[in-house]
Amino acid sequence: MSGFQKNIFDHLQKNANINPNDVYKVADSVQHADFTDEKTVRQLVKQLASIAGKPVSKQKEDKIVEAIVKQNMPLDMNTLGKFLKG
């Protein structure tokens, strides 16, 4: 792990109380995930919300899942972060 990566994970650990191992597990699980499968996407949304300690309402979860499954949004972290906040 580079110094930059370590700094990011240290920041996540301190400021967001996110365990770096949890981030690796999620990253590993999505490498071959089928983002057209609603069940898979819903499970991922729940995992990420749990790791971040941010509750996601059923309504917001439905909107996120629908947008991803129907490919109405790019799957990059910045866009997903904005979508989760909105």
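Quick note: structure is the one above.
It should be emphasised that the depicted structure is a prediction, and the values quoted were computed from it without experimental measurement.

Asker: Could you give an account of the side chain of Glu-61, naming the residues involved and the relevant values?
Answerer: Relative to the helices and strands, Glu-61 resides in helix H4 (residues 58-69). Setting aside residues no more than four positions away along its own chain, Glu-61 makes contact with Arg-42, Val-45, Lys-46 and Val-56.

Asker: A description of the pattern of salt bridges should follow, citing residues and the corresponding values.
Answerer: Side-chain pairs of opposite charge can arise where the charged atoms are in close proximity. Applying the stated criterion across every chain yields a total of five salt bridges. One salt bridge connects Lys-70 with Glu-66, and the closest N-O pair in it is separated by 3.2 Å. Judged by relative accessible area, Lys-70 falls into the exposed class, the value being 53%.

Asker: For helix H3 (residues 38-52), give the residues involved together with the corresponding values.
Answerer: Its 15 residues place the ends of H3 21 Å apart at the C-alpha level, agreeing with the 21 Å of an ideal helix rising 1.5 Å per residue. Listing the buried residues of H3 in full gives Val-41, Arg-42, Leu-44, Val-45 and Ala-49. Taken down its axis, H3 places every buried residue within 160° of arc, on the same side. Across from the buried face of H3, at angles greater than 90 degrees, the exposed residues are Lys-39, Gln-43 and Ser-50. Taken together, the buried residues of H3 touch helix H2 (20-30) and H4. Looking one or two residues past H3, Gly-53 carries a phi angle of roughly 70°, positive in sign.

Procedures and definitions
- Residues numbered from 1 in each chain as written.
- Predicted model: local features only at pLDDT ≥ 70, side-chain atom pairs only at ≥ 80, totals over all residues.
- Heavy atoms only, no water.
- Helix = DSSP H or I, 4+ residues; strand = E, 2+ residues; numbered from the N terminus.
- Contact = heavy atoms within 4.5 Å.
- Salt bridge = Lys/Arg side-chain N within 4 Å of Asp/Glu carboxyl O.
- Buried < 20%, exposed > 50% of the residue type's maximum accessible area, 1.4 Å probe, protein only.
- Expected span 1.5 Å × (residues − 1).
- Arc of directions from axis to C-beta.

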